[in-house]
Amino acid sequence: MEQKEKELFKKLCSFKSDDIDKSLLEFATPNVLGHLFFNRMSAVAYGTLKKHSLLGKVNREFRNSLEMAYTKNIEKNKSFLWCIQYVEEILSECDCKYAMLKGAYLCKSYPDGYRTSNDIDLLVHPKDVTKIANALLKADFKQGNIRNGKFEPATRKEVIESKMMRGETIPYIKEIKLPGMCFLEIDINFSLDYKLGDTELLEEMINNTTYEELNGFRVRTLRKDDFFVHLCNHLYKEATTLPWVKMMRDMTLYKYCDVYMLLNDEKKDYIDYLFNRAKVFSMDKICAFAVIQMSYLFNFNNIYALQLAEEILKEDPDFIHRIVDPKEKKTYIFCEKNITERFFSHSRCNLLKEVKM
């Protein structure tokens, strides 16, 4: 992509900004459109153009494509929010705590249609996985995956390997045939990492779960500070693990947009509060990673949050450039240090070199 295309892409995604350089609109090219869809930011771009009364200033096909995505997101979210309430009813019979993560809360935190989710992620204590699973099975969910639009049941080997190696279960899926959502998929997470480990931090998070209400919508999730820490941890896990880099899913922008949306307008005291909470979990560097990388990709206005993140990583500047291969137990580092240029690379794997730790 040309530099002006990259600038426009960034402007269209930075929906909290108060202005946009109109001269950039001539670079509303197929390249920009493709990146918006690839990164699940098309509806955000539509909203940004509408906010600044610029929809009529871009190519018709560019505009119509974004509008269709936005309309589809509105439809899908109505179905998704119904699914959240449906799952809440199912789990209300379980005598255990759980938290709905990521999209289950975020879809209502954004302006309508900006954020969608393909599944419901649950965080539970390992000892409660069976209770949750049994409740879902009783409601006619089945374990497996959706491939080519069809449900494929999981094998016993896949079920066991997922629990042992990934800290999560094979998805529980039920055909629901709602507008924009043919299947409802639920992922049960019982670890904060891609590998099983100490459950003390997980238990503390789950013990602090709360019900959040957003415009009449109610969802059981993590306390706001823990939600942010967990969100950054999840982003970090995917952004720094080699298989995700190979799939080009390590830097999908909507995940960074969540951090941007949650932090851009926050005050210093709240930023301090978040990072202090992250430090309790020894995840302050992980949150700093998310903030610094995000700041390259959006017009981020919270200078204090960025300065604090940079201060946390000043003794380890390569923290935002390292990748791990859990299977081979190898560590790599990106040769391209500019996060923006790395993001737009056609093959980020080609930018890696192995290092000895």
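Let us look at the structure shown here.

Parameters at a glance
- Residues numbered from 1 in each chain as written.
- Predicted model: local features only at pLDDT ≥ 70, side-chain atom pairs only at ≥ 80, totals over all residues.
- Heavy atoms only, no water.
- Helix = DSSP H or I, 4+ residues; strand = E, 2+ residues; numbered from the N terminus.
- Buried < 20%, exposed > 50% of the residue type's maximum accessible area, 1.4 Å probe, protein only.
- Contact = heavy atoms within 4.5 Å.
- Pairing = 2+ DSSP bridges.
- 1 Å grid on protein atoms, 1.4 Å probe; cavity = no way out; pocket = protein on both sides within 12 Å on 5 of 7 lines; lining within 4 Å.
- Points joined across faces, edges and corners; volume = space filled by probe spheres on them.
- Nonpolar A, V, L, I, M, F, W, Y, C, P; charged D, E, K, R; others polar.
- Axes fitted to C-alpha atoms, helices over the stretch in contact; angles between N-to-C directions.
- Salt bridge = Lys/Arg side-chain N within 4 Å of Asp/Glu carboxyl O.
- Core = buried A, V, L, I, M, F, W, Y, C linked by side-chain atoms within 4.5 Å.
- Parallel < 35°, antiparallel > 145°, perpendicular 65-115°, else oblique.
- Left-handed = near helix turned anticlockwise from the far one by under 90°.
- Disulfide = S-S within 2.5 Å.
- Phe/Tyr/Trp six-rings, centres within 6.5 Å; stacked < 30°, edge-to-face > 60°.
- Lys NZ or Arg CZ within 6 Å of the ring centre and 35° of its normal.

Remarks on the side chain of Glu238
As for its placement among the helices and strands, Glu238 is situated in helix H9 (residues 224-239). With relative accessibility at 8%, the residue Glu238 sits in the buried group. When neighbours within four sequence positions are excluded, Glu238 is seen to be in contact with Trp244, Asp250 and Lys255.

Some words on the pairing of strand E10 (residues 330-334)
In terms of residue burial, E10 counts as a mostly covered element, since four of its five residues are buried. Where strand E9 (residues 322-325) lies against E10, four bridges are found, and the strand directions are antiparallel. For Val324, the partnering residue across the bridge sits in E10 and is Thr331. A loop of four residues connects E9 with E10, the two strands running antiparallel in sequence, and Lys329 in this loop sits at a positive phi of about 55°. By the bridge criterion, four bridges tie E10 to strand E11 (residues 352-355) in an arrangement that is antiparallel. In the strand pairing of E11, Ile333 is matched with Lys353.

Thoughts on empty space enclosed by the protein
Taken as a whole and assessed by the stated rule, the structure comprises two cavities of 30 Å³ or more. One number sums up the size of the largest cavity: a volume of about 70 Å³. In this structure, the largest cavity is lined by Leu101, Lys102, Asp121, Asn189, Ser191, Leu192, His230, Asn233, His234 and Lys237. A per-element tally of the lining of the largest cavity places H9 first, with four residues. Grouping the constituent residues of the lining of the largest cavity by class yields two nonpolar, five polar and three charged. Looking at the second largest cavity, its volume works out to about 40 Å³. Lining the second largest cavity are Ala239, Thr240, Asp250, Met251, Phe289, Gln293, Ile320, His321, Arg322, Ile323, Phe334 and Arg342.

Let's talk about the sheet that holds strand E6 (residues 181-189)
The six strands are arranged E1-E2-E6-E5-E3-E4 in an open sheet whose pairing can be described as mixed. Two strands in the sheet have a free side with no partner beyond their single neighbour: strand E1 (98-100) and strand E4 (150-153). Strand-to-strand twist in this sheet, taken as the mean axis angle between neighbours without regard to direction, amounts to 35°. Relative to E6, helix H4 (residues 60-91) is tilted by about 50°, and along the sheet it contacts E1, strand E2 (120-124), strand E5 (172-178) and E6.

Some words on the pattern of salt bridges
Evaluated as defined, the whole model comprises 23 salt bridges. A salt bridge links Glu7 to Lys4, with the nearest nitrogen and oxygen atoms 3.9 Å apart. Pair noted here: Glu7 and Lys4 are both in helix H1 (residues 3-13), with a separation of three residues, about one helical turn. Judged by relative accessible area, Glu7 falls into the partly exposed class, the value being 31%.

Let's talk about the nonpolar core
Leu36, Phe62, Leu91, Ile120, Leu184, Val259 and Phe298 are the most contacted members of the largest nonpolar core, which has 115 residues in total. Among the elements that make up this core, the one with the highest residue count is H4 (11 residues). In this structure Ile120 touches Phe80, Cys83, Ile84, Val87, Met100, Leu184, Glu185, Ile186 and Asp187, once residues within four positions along its chain are discounted. By size, the runner-up hydrophobic cluster in this structure holds six residues, among which are Val245, Ile323, Tyr332 and Leu352.

Structural notes on the environment of Thr241
Mapped onto the elements of the fold, Thr241 is located in the loop between H9 and helix H10 (242-246). Residue Thr241 is classed as buried on the basis of its relative accessible area, which comes to 6%.

A short note on the packing of H9 against helix H11 (residues 253-263)
Two measures define how a pair of helices packs: the angle their axes make with one another and the distance between the axes. Two numbers describe how H9 lies on H11: the axes approach to 10 Å, and their chain directions differ by 155°. The angle between H9 and H11 places the two elements in the roughly antiparallel class. H11 is crossed by H9, and the crossing has left-handed handedness. Together, Phe227, Phe228, Leu231, Cys232, Leu235, Glu238 and Ala239 of H9 and Lys255, Tyr256, Asp258, Val259, Leu262 and Leu263 of H11 make up the contact between the two elements. A class-by-class count of the residues in the contact of H9 with H11 yields 10 nonpolar, no polar and three charged.

Here we look at the state of the cysteines
The full count for this structure, using the stated rule, is zero disulfides. The thiol of Cys182 is unpaired, and the distance to the nearest cysteine sulfur, on Cys83, comes to 11 Å. Exposure remark for Cys182: the relative accessible area of 37% places this residue in the partly exposed category.

What about the sheet that holds E11?
Pairing is antiparallel in the open sheet, where three strands are placed in the order E9-E10-E11. Both outer strands of the open sheet, E9 and E11, are each paired with one neighbouring strand and no more. Geometrically, the sheet is characterised by an average inter-axis angle of 35° between neighbouring strands, direction not taken into account.

A word on the packing of aromatic side chains
Inspection of the entire model under this criterion finds 14 aromatic pairs. With 5.3 Å between their ring centres and 90° between their planes, Phe15 and Tyr114 make a pair best called edge-to-face. With Phe15 in the loop between H1 and helix H2 (30-38) and Tyr114 in the loop between helix H5 (103-109) and E2, this residue pair connects regions lying 99 residues apart in the sequence. For the pair formed by Phe15 and Tyr114, the shared burial category is buried. Among the aromatic side chains, those forming a connected cluster through ring pairs are Phe15, Tyr110, Tyr114, Tyr260 and Phe298. Of note, Arg218 hangs over the ring of Tyr211, and the distance from its end group to the ring centre comes to 3.8 Å. Against the face of Tyr98 rests Arg220, its NZ or CZ located 4.9 Å from the ring centre.

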